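Residues per chain are reported as follows:
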Amino acid sequence: MPKSRGSLAVSLEVHPCGASSSFVSSAKSWLGHPGVDRRAGVLPLGSPEDVEKISPVEASWRYLEHLSDSFRATFGDALEEQEVILTVPASFDASARELTAEAALAAGIENLTLLEEPQAALYAWIDAMGSAWRETIHVDDVILVVDIGGGTTDFSAMLVVDREGSLELERIAVGDHILLGGDNMDLALAHVVRQKLAAEGKEIDRFQMGTLTHAARVAKEHLLADPEAKTAPIVIASRGSKLIGGSLKSELTREEVEKTLVEGFFPAVKSTDRPVTRARAALTQLGLPYASDAAVTRHLAAFLGKQAGAATRLGRVAKGERAPKLLHPTAVLWNGGVMKAEALRSRLVSTLNGWLEEDGAERVRVLPNADLDLAVARGAAYYGLARRGRGLRIRGGTARAYYVGIESAVPAVPGIEPPIVALCVAPFGMEEGTEAALPPQELGVVVGEPVRFRFFGSTVRRDDHAGTELDYWKESEVEELPPIEVTLPLAPSPSEETEGRREGDVVPVRLRASITEVGTLLLEAIPIEPRTEGEKWRVELSVRSGAS
């Protein structure tokens with residue numbers, strides 16, 4: 001076992017301090033964006049032709065490589081010899097997790113474990129509370145983790161269970177990866193100052209807007225951290241001024257900051273409200289799929305409403321009782337720098353309590369989290385100890401049920417594609433490093449020519465088991481994931497007497513599915529009559545494939 005000084009938590013996200021397009025930013029969000037080839041050189045987006053472009057994967061491994069160099073310079077040991085806990089958003093799908101592991105491997109990190117950031121925050125709370133955590137939360141408590149950082153908003157729910165007389169935690173729900181956070185808030189405040197400058201006859205250009213956004217961030221943090229502060233100065237350089245001290249000056253007031261952030265990002269909405277999707281322009285710049293609705297409270301209402309069915313699974317709803325409109329958290333834990341602001345926490349709690357009371361539930365308790373900046377790192381270190389039997393483990397597993405599409409063999413009908421059956425190959429909550437017990441169903445796999453694997457996922461179908469077949473589903477229950485297009489290689493002919501595989505052959509196989517240690521779905525097609533020893537085809541829920 002390699003020696004270890006502890007666990008290292010890493011967030012693959014760097015934000016530029018100016019408007020120059022020569023900076024790589026939000027690499028972690030790009031890593032989780034299925035709409036682009038994440039191994040292709042696309043960053044910095046929109047940079048000049050003379051700027052070298054790199055892929056989100058390469059940007060991530062460069063960050064990790066820099067950390068590895070810093071670790072060696074500080075401790076004199078190689079990070080490659082340590083046990084590394086790498087944190088990722090809970091909403092990262094299997095493909096994004098695999099790409100994260102690939103970036104770590106490129107940086108020389110092989111002894112790797114991925115940990116969801118909301119779980120890390122909860123581990124940090126458990127560590128800070130000591131043994132008192134068992135007196136603070138109780139069996140059947142549902143802990144809502146609200147994680148709002150610089151660029152993303154994530155929601156997760158954990159359940160407190162009694163297992164053989166001991167309290168344990170189980171992650172039961174994960175929200176979508178919402179590109180909405182502190183960066184949006186800084187930009188909103190920058191527009192407030194820009195309007196004030198425009199009223200004074202002072203116009204600013206695109207370059208100055210980047211500087212203004214950074215200044216607004218500094219002013220925001222100052223006003224929200226110091227309850228005595230009433231105003232914060234804003235100073236940006238005049239464009240093209242050669243005079244020392246040439247600058248544009250303004251200020252942000254506490255009232256402006258709180259009104260812009262509280263009413264703009266945390267409005268008091270109904271529990272039935274949902275994020276507003278605006279009509280998009282026909283032409284748009286390529287970029288990340290940012291949230292079109294800035295209201296965090298509407299996104300939270302959507303998450304709790306979508307996960308309302310978890311109450312039935314938890315035995316909260318007796319036969320004949322009215323089903324709840326939303327999942328009922330009993331406690332809330334904050335994470336992320338945005339949640340340092342008391343005004344934002346108060347608005348979110350008051351809105352959430354209003355929904356719960358309306359739905360006949362009790363108000364939530366707020367769990368203390370002393371250091372929102374370091375919670376994920378400290379939680380990852382605690383998790384590293386828990387893996388060695390020195391702490392509590394949160395039962396998580398996959399945050400989705402995964403399905404593979406199987407095309408039905410039916411006569412051709414003009415204009416109608418053959419129906420697809422979704423076969424569950426990994427049920428909700430399947431643990432990393434385990435294999436699903438699929439029924440011995442015989443299927444056919446096409447080899448030697450391009451084929452497309454269709455995968456589906458669901459965060460709400462918790463009762464499907466490995467082997468469940470869906471020939472119909474609601475759009476809100478199951479979403480189709482990006483397909484994987486591959487050519488499954490032909491097995492070489494084992495001898496002159498035995499004919500090898502040919503292009504287009506349909507090989508009878510049985511499927512075997514497992515979740516790897518880093519949380520990716522591995523699907524293996526094993527021939528019923530193999531031509532070579534150990535012949536099988538492997539497809540991971542990323543862009544990898546191969547035969548062995």
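Just so it is clear, the model here is predicted, and its values are computed rather than measured. (Residues numbered from 1 in each chain as written. Predicted model: local features only at pLDDT ≥ 70, side-chain atom pairs only at ≥ 80, totals over all residues. Heavy atoms only, no water.)

## Focus: the sheet that holds strand S16 (residues 455-458)
In step 1: Overall, antiparallel pairing links the five strands, which are arranged S17-S12-S11-S16-S18 in an open sheet. Across the chains shown, the open sheet's two edge strands, defined by having one partner strand only, are strand S17 (469-470) and strand S18 (479-480).
In step 2: Judged from the two bridges that link them, S16 and S18 form a sheet pairing that is antiparallel. Looking at the pairing, glycine 457 lines up with glutamate 479 of S18. (Pairing = 2+ DSSP bridges. Helix = DSSP H or I, 4+ residues; strand = E, 2+ residues; numbered from the N terminus.)

## Concerning the sheet that holds strand S9 (residues 365-367)
In step 1: If you trace the six strands from one edge of the open sheet to the other, you get S9-S8-S3-S4-S5-S10, paired in mixed fashion. A strand with exactly one partner marks an edge of an open sheet, and here the two such strands are S9 and strand S10 (394-395).
In step 2: Alignment of strand S3 (residues 142-148) against strand S8 (residues 331-335), held across five bridges, turns out to be parallel. Bridged to isoleucine 143 within S8 is alanine 331.
In step 3: Contacts between helix H11 (residues 342-358) and the sheet are confined to S3, S8 and S9, with S8 contributing the most and set at about 155° to the helix. (Contact = heavy atoms within 4.5 Å. Axes fitted to C-alpha atoms, helices over the stretch in contact; angles between N-to-C directions.)

## Looking at the packing of helix H2 (residues 56-75) against helix H3 (residues 94-106)
The relative placement of two packed helices comes down to the angle between their axes together with the axis-to-axis distance.
In step 1: Packing of H2 against H3 brings their axes to within 8 Å, and their N-to-C directions diverge by 50°. Classified by the interaxial angle, the pair formed by H2 and H3 is oblique. Considering only the axes of H2 and H3, their crossing is right-handed. Contacts between H2 and H3 involve Val57, Ser60, Trp61 and Leu64 from the former and Leu99, Glu102, Ala103, Ala104 and Ala106 from the latter.
In step 2: Taken together, the residues that form the contact of H2 with H3 break down as seven nonpolar, one polar and one charged. (Parallel < 35°, antiparallel > 145°, perpendicular 65-115°, else oblique. Left-handed = near helix turned anticlockwise from the far one by under 90°. Nonpolar A, V, L, I, M, F, W, Y, C, P; charged D, E, K, R; others polar.)

## Re the pattern of salt bridges
In step 1: Counting across every chain of the model gives 30 salt bridges.
In step 2: Put simply, glutamate 116 and arginine 97 hold a salt bridge, and the shortest N to O gap is 3.1 Å. Taken together, the positions of glutamate 116 in strand S2 (residues 112-116) and arginine 97 in helix H3 put the pair 19 residues apart, joining distant regions of the chain.
In step 3: Among the residues examined, arginine 97 registers a relative accessible area of 9% and is labelled buried.
In step 4: The closest approach of N and O atoms between aspartate 183 and arginine 217, which form a salt bridge, is 3.7 Å. Of the two residues, aspartate 183 is situated in helix H6 (residues 182-199) and arginine 217 in helix H7 (residues 206-225); the sequence distance between them amounts to 34 residues.
In step 5: Residue aspartate 183 is classed as partly exposed on the basis of its relative accessible area, which comes to 25%.
In step 6: Taken together, the shared-partner salt bridges connect Asp183, Asp186, Arg217 and Lys220 into one network. (Salt bridge = Lys/Arg side-chain N within 4 Å of Asp/Glu carboxyl O. Buried < 20%, exposed > 50% of the residue type's maximum accessible area, 1.4 Å probe, protein only.)

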